[in-house]
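# Summary of the model geometry
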Amino acid sequence: MLDEKKTKVKKGWLAVQVGLEDEDGGFQRFSIPISYLYHPLFQKLLDRSREVYGYNTNGPLILPCSVEDFLHLRWRIEKETATHHHHHRHQLPAPSLSFHSC
């Protein structure tokens with residue numbers, strides 16, 4: 001049985017499980033801010049997750065993406081968020097999700 005502390009996620013965050021079945025190391029668990037759910041890049045990944053795994057899940061949301069690609073996606077979302085907050089007039093190019101595994 002999992003340690004209860006490992007399964008808890010702080011308020012305003014969501015647990016996700018990332019990885020591909022054939023990927024070394026298998027799946028890895030991450031906690032992400034709920035605000036990611038509204039980001040266009042992340043929404044594309046959620047659509048892909050629904051296609052692959054459906055809506056029913058017990059435990060963390062499973063994302064069909066390599067850990068490396070997920071980390072890059074997270075970096076892009078954080079970069080866009082930081083840019084948006086500091087430079088309201090500058091916009092990054094339109095988001096696209098072209099990772100090989102996502």
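This report concerns the structure included in the present document. All of these numbers come straight from a predicted model, not from anything done at the bench.

## Section: helix α2 (residues 40-53)
Taking 1.5 Å per residue, 14 residues should reach 20 Å; α2 reaches 20 Å between its end C-alpha atoms and fits that length. Where α2 is concerned, the buried positions are L41, F42, L45 and S49. Buried residues of α2, viewed axially, fall in a sector of 90°; they line one side. Two residues or fewer past α2, G54 is found with a positive phi of approximately 80°.

## Focus on the sheet that holds strand β1 (residues 13-18)
Spatially, 3 strands are ordered β2-β1-β3 in an open sheet, and the strand pairing comes out mixed. Of all strands in the sheet, those bounded by a partner on one side alone are β2 (28-33) and β3 (61-63). Adjacent strand axes in the sheet meet at a mean angle of 40°, parallel and antiparallel pairs treated alike. In the sheet, β1 pairs with β3 via 3 bridges, with the strands oriented parallel. Paired with V16 across the two strands is L61, which belongs to β3.

## A closer look at the packing of aromatic side chains
Applying the stated criterion across every chain yields a total of 2 aromatic pairs. Judged by centre distance (4.9 Å) and plane angle (45°), the rings of F30 and F70 are tilted. Taken together, the residues F30 in strand β2 and F70 in helix α3 (residues 67-86) connect sequence positions 40 residues apart. F70 carries the same exposure label as F30, and that label is buried.

## What about the pattern of salt bridges?
Taken as a whole and assessed by the stated rule, the structure comprises 2 salt bridges. Note that R48 is salt-bridged to E51, the shortest N-O span being 3.6 Å. Taken together, the residues span about one helical turn, with R48 and E51 both in helix α2 at a distance of 3 residues. Residue classification places E51 among the exposed residues on the basis of a relative accessible area of 54%. The salt bridge partner of E80 is R76, with a shortest N-O separation of 3.8 Å.

## Focus on the nonpolar core
Among the nonpolar cores identified, the biggest contains 14 residues, and V16, V18, F42, L45, L63 and F70 are the most heavily contacted of them. Residue assignment for this core shows that the elements contributing at least two residues are β1, β2, α2 and α3. Here this core takes 4 residues from α3, the largest share from any one element. Among all residues touching L63, those that are not within four sequence positions of it are V16, Q17, V18, G19, F42, L45, L46, S49, Y53 and F70.

About the thresholds
All residue numbers refer to positions counted from 1 along the written sequence of the respective chain. Local features are withheld for residues below a pLDDT of 70 in this predicted model, meaning they are given only at 70 or higher, and side-chain atom pairs are given and counted only at 80 or more; totals for whole chains, interfaces and linings count all residues. Calculated side-chain values reflect all of the structure's heavy atoms, with hydrogen atoms and water omitted. For the purposes of this entry, the term helix denotes a DSSP run of H or I that reaches at least four residues, the term strand denotes a run of E that reaches at least two, and both are numbered from the N terminus. Expected helix span is computed as 1.5 Å times (number of residues minus one). Throughout this description, buried means an accessible area under 20% of the type-specific maximum (1.4 Å probe, protein chains only), exposed means over 50%, and partly exposed covers the range between. Each direction from the helix axis to a C-beta atom contributes to the arc, which is the arc of those directions. Paired strands, in this sense, are two strands between which DSSP finds at least two bridges. Orientation is described by axes fitted as lines to C-alpha atoms, over the contacting stretch for helices, and by angles from 0 to 180 degrees between their N-to-C directions. Between rings of Phe, Tyr and Trp, where Trp is taken as its six-membered ring, a pair exists when centres lie within 6.5 Å; planes separated by under 30 degrees are stacked, by over 60 edge-to-face, and by other angles tilted. By definition, a salt bridge exists where a carboxyl oxygen of Asp or Glu is found within 4 Å of a side-chain nitrogen of Lys or Arg. Put simply, a nonpolar core is a bunch of buried Ala, Val, Leu, Ile, Met, Phe, Trp, Tyr and Cys residues held in one set by side-chain atoms that sit within 4.5 Å of each other. Here a residue-residue contact requires only that any non-hydrogen atoms of the pair lie within 4.5 Å.

So, to be careful, I would describe these as geometric facts and stop short of saying anything about function.
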